[in-house]
Amino acid sequence: MTEAPADHLEVNDPAGLPIFAPPSANLHPLVPATARPTQPQTTAVAAVDWTLVAALRAQASEQLSRAVAADRGRLDRQAQEELGRSIVLDLIESTMADRINAGESTWTLAAQETLARAVFDSLFRLGRLQPLVDDDRVENIIIAGHDNVMLELVDGSLIDGPPVADSDEELIDFLVFLASRSEVSARGFSEAQPRLHLRLDGGSRLAAAAWVTPRPSVVIRRHRLMEVTLEDLVVREMLTPVAATFLAAAVRARKSIVVSGSQGAGKTTLVRALCAEIDRLEAIGTFETEYELHLHELKRHKIVHPWEARPGSGERAHDGRLAGEFTLDDALVDSFRFNLSRQIVGEVRGKEIWAMIKAMESGTGSISTTHASDAVAAVRKLVTCAMEAGPHVTQTLATSKLAATVDLIVHLSMETFHRSGTMQRRRRVAEVIAIAPGERETGYATTHVFAPDRNGIAMPAVLPDEYRSLTAHGFDLPGYLAGQAERGQRR
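Quick caveat, the model's predicted, so the values are computed rather than measured.

Student: Got a minute to help me understand the overall build of the protein chain in this structure?
Tutor: When you go through the protein chain residue by residue, the secondary structure sums to 15 helices and 17 strands. For the protein chain, the proportion of contacts with a sequence separation of at least 24, taken over those separated by at least 6, is 57%. Put simply, the protein chain shows about 23,500 Å² of open surface, and 51% of that area lies on carbon and sulfur atoms.

Here it is as structure tokens:
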């Protein structure tokens, strides 16, 4: 037997390709940050024959599905990936043999590695999106059609990205496949279900829409700041040191806090930083439509019970619910039997706020987020959400309950501007307001503890007397009073 050329794939030695290295190996080595160019590298993406990748992925998926079915579903994820590696290897060998028989040139080892990685990524990961998700500088991937891609980097800048498919139809087909095979949260995506919210296997969050939009729209959010503290956010100039001591003290004093802001303003990041101030022995429950906080994975706290909503499927029952549906409202109600010290709601969108109010009444120190244009608007938004629980929740009842249970609202602002030819974003804590029952017309009173200055930064404004006691929990009251005086002088 003649020896195979060095640039040919050895079928009996799968470790010859990086993609077939042992599972503990890094399948996607990254260039050190200091050696990277400003623009994410896309050379490897452009060099791949994605039509061939799609064909091989379809064949590999079919073979893998048959193997899993034959094993009656006993193969775990790692075993499936090992089998998938073997299947991809066989397919590439077979394809190369067909090329040789047809008189075509064979592939170099580098081309084989690139093709193998692309097929494997399409089968088990994110296909053409994977290099973008693997780039540590990319925070958000924004897609409005297969060839209209923007990348938001961790420094806030926005740059053009490479096409993620050869056509919109191919992009939709991949999203359908991605939704159906996700092990952590599989769900449907079709003309009958034209929206998709998916927690990806690596922890990123994907939102997509098709058929009801002119072109498929996709946003992938990567959470780069996981192990984050308020001190880290001070270094990033997201808030002042005095504001950080106030918020840290408020968490330790078990004040109930709502973080508001627009999409992408950094609400989840701030909640993680606030949660870092919770004692590690307190029992925490997290409630999210898709896991984003990942407190149960950070290991900062000893007891974390994470709940994730699950969409239903099929026909609706007599109560209007889909089979298998599990809502945040359900999770919050169930959580009362888990002896929790804190309840953290990733995002309040609707009637689940009513269950959250009940949680706040039962305990203290809850944290949640909501979308709003400013801190006072967040109060009105929460009242509207509470009223969605049913006609028994009137505006007066919802307002009085919120005023009695929510202590503080922290509002984040996001500014977009141009610098050096690129668009950048700046995120900041702009307001902190205290809420209390009162004012006959609205049913609540608000006090700006921190209000935005001319640059949009939250600076000391008016401190209610009851918050002076936060000094016992580390609040820098002298620094606050000094900032107050400085603000007065500027006026």
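Student: Would you take a moment to explain the side chain of Glu347 for this structure?
Tutor: Secondary-structure assignment places Glu347 in the loop between β12 (342–345) and α12 (352–362). Sequence-distant contacts of Glu347, that is, excluding residues within four places in its chain, are made with Arg205, Leu328, Glu352, Thr369 and His371.

Student: Sorry, what's going on with the nonpolar core here?
Tutor: The tendency in soluble globular proteins is for nonpolar side chains to be buried as a group. Counting 49 residues, the largest nonpolar core has Leu129, Ile141, Ile143, Leu151 and Leu206 as the members making the most contacts within it. When neighbours within four sequence positions are excluded, Ile143 is seen to be in contact with Leu129, Asn148, Val149, Val164, Leu171, Pro216, Ser217 and Val218. Core analysis: the next-biggest nonpolar cluster, separate from the first, contains 45 residues, Leu233, Ala250, Val259 and Leu463 among them.

Student: Can you walk me through the environment of Leu481 in this structure?
Tutor: Along the chain, the position of Leu481 falls in helix α15 (residues 477–490). For Leu481, a relative accessible area of 34% gives the class partly exposed. Considered as a pair, Leu481 and Val242 are 239 residues apart in the sequence and their alpha carbons are 9.9 Å apart.

Student: Can you help me understand the packing of aromatic side chains in this one?
Tutor: Under the defined criterion, the tally for this structure stands at 10 aromatic pairs. Here the aromatic rings of Trp307 and Phe338 are separated by 4.9 Å at their centres, their planes lie at 85 degrees, and the arrangement is edge-to-face. Note that Trp307 is positioned in strand β9 (residues 303–308) and Phe338 in the loop between α11 (328–334) and β12, a separation of 31 residues in sequence. Residue classification places Trp307 among the buried residues on the basis of a relative accessible area of 11%.

Student: Before we go on, may I ask you to explain the pattern of salt bridges in this structure?
Tutor: Counted under the stated rule, the structure contains 18 salt bridges. Measuring nitrogen to oxygen at the nearest pair gives 3.1 Å for the salt bridge that ties Glu227 to Arg300. Of this pair, Glu227 sits in the loop between β6 (217–221) and α7 (230–235) while Arg300 sits in the loop between α10 (295–298) and β9, placing them 73 residues apart in sequence. Overall, Glu227 belongs to the partly exposed group, its relative accessible area being 49%. Owing to a relative accessible area of 28%, Arg300 belongs among the partly exposed residues under this scheme. Residue Arg252 is joined to Glu277 by a salt bridge in which the shortest nitrogen-to-oxygen separation is 2.6 Å.

Student: Which parts of the structure should I look at to understand helix α4 (residues 109–124)?
Tutor: Given 3.6 residues per turn, any residue in an α-helix points the same way as the ones three and four places further on. An ideal rise of 1.5 Å per residue puts 22 Å on 16 residues; α4 measures up with 22 Å between its terminal C-alpha atoms. Burial in α4 covers these residues: Gln112, Leu115, Ala116, Ala118, Val119, Phe120, Asp121, Ser122, Leu123 and Phe124.

Student: Teacher, can you tell me more about unusual backbone geometry here?
Tutor: The phi torsion of most residues other than glycine is negative, and most of the peptide bonds are trans. Positive phi is not limited to glycine here, since Trp211 has a value of about 70 degrees. Summarising the element assignment, Trp211 is placed in the loop between β5 (205–209) and β6. The exposure class of Trp211 is partly exposed, given its relative accessible area of 36%. Positive phi values are uncommon outside glycine, yet Lys299 reaches one of about 65 degrees. Within the secondary structure layout, Lys299 lies in the loop between α10 and β9. Residue Lys299 is classed as exposed on the basis of its relative accessible area, which comes to 64%.

Student: Which parts of the structure should I look at to understand the environment of Thr106?
Tutor: As for its position among the elements, Thr106 is in the loop between α3 (77–101) and α4. Overall, the relative accessible area of 30% leaves Thr106 in the partly exposed class. Counting along the chain gives 10 residues from Thr106 to Met96, while the straight-line C-alpha distance between them is 6.4 Å.

Student: So what exactly am I meant to see when it comes to the side chain of His301 here?
Tutor: Mapped onto the secondary structure, His301 falls in the loop between α10 and β9. A polar atom in the side chain of His301 sits 3.1 Å from the backbone oxygen of Cys275. A distance of 3.0 Å separates the side chain of His301 from the backbone oxygen of Ile278, its partner in a polar contact. Setting aside residues up to four positions removed in sequence, His301 forms contacts with Cys275, Ile278, Asp279, Arg280 and Ile284.

Analysis parameters
- Residues numbered from 1 in each chain as written.
- Predicted model: local features only at pLDDT ≥ 70, side-chain atom pairs only at ≥ 80, totals over all residues.
- Heavy atoms only, no water.
- Helix = DSSP H or I, 4+ residues; strand = E, 2+ residues; numbered from the N terminus.
- Contact = heavy atoms within 4.5 Å.
- Areas by Shrake-Rupley, 256 points an atom, 1.4 Å probe, with all protein chains shown as cover.
- Core = buried A, V, L, I, M, F, W, Y, C linked by side-chain atoms within 4.5 Å.
- Buried < 20%, exposed > 50% of the residue type's maximum accessible area, 1.4 Å probe, protein only.
- Phe/Tyr/Trp six-rings, centres within 6.5 Å; stacked < 30°, edge-to-face > 60°.
- Salt bridge = Lys/Arg side-chain N within 4 Å of Asp/Glu carboxyl O.
- Expected span 1.5 Å × (residues − 1).
- Polar contact = N/O pair within 3.5 Å; in protein donor to acceptor, adjacent residues only side chain to side chain.

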